[in-house]
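Observations on chain architecture
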Amino acid sequence: MTKLDDRTIANMSFVLEETCRVFPNGGDHERRRYIAQKLRLSAKRGNATLGGLRTVAHSALKEITKQRSV
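Read on for an overview of the structure. Predicted model, so just to flag it, every value in this text is computed and none were measured.

So, about the packing of helix α1 (residues 6-20) against helix α2 (residues 29-44). Two numbers describe a pair of packed helices, the interaxial angle and the distance between the axes. It is the contact of α1 with α2, at a shortest axis distance of 10 Å, that shows an interaxial angle of 145°. The hand of the α1/α2 crossing is right-handed. Listed contacts from α2 to Thr-8, Met-12, Val-15, Leu-16, Glu-17, Thr-19 and Cys-20 of α1 are Arg-32, Ile-35, Ala-36, Leu-39, Arg-40 and Ala-43. Residue composition of the contact of α1 with α2, grouped by class: eight nonpolar, two polar and three charged.

Written out as structure tokens, the structure reads:
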């Protein structure tokens, strides 16, 4: 397993907080965990930029929204 550097972790935290603002009180544990897992997997594959992580987080957010509306 590849260790993530401090900058990547900071980018992931920032994007997670930014994305979860759409939820009341920043989202529940399950939603935040789901988005965080997607971010972690993507970062471990080398996607560490803010733009790249935002894309992953927004895709995860769409998946969550779609699942909840069904």
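There is more to say, and it comes next.
Moving on, we come to unusual backbone geometry. Of note in this structure, Asn-25 is not a glycine but carries a positive phi near 55°. With respect to the helices and strands, Asn-25 occurs in the loop between α1 and α2. Overall, Asn-25 belongs to the exposed group, its relative accessible area being 84%.

Parameters at a glance
- Residues numbered from 1 in each chain as written.
- Predicted model: local features only at pLDDT ≥ 70, side-chain atom pairs only at ≥ 80, totals over all residues.
- Heavy atoms only, no water.
- Axes fitted to C-alpha atoms, helices over the stretch in contact; angles between N-to-C directions.
- Helix = DSSP H or I, 4+ residues; strand = E, 2+ residues; numbered from the N terminus.
- Left-handed = near helix turned anticlockwise from the far one by under 90°.
- Contact = heavy atoms within 4.5 Å.
- Nonpolar A, V, L, I, M, F, W, Y, C, P; charged D, E, K, R; others polar.
- Buried < 20%, exposed > 50% of the residue type's maximum accessible area, 1.4 Å probe, protein only.

In short, the description is geometric, and any link to function would need to be established separately.
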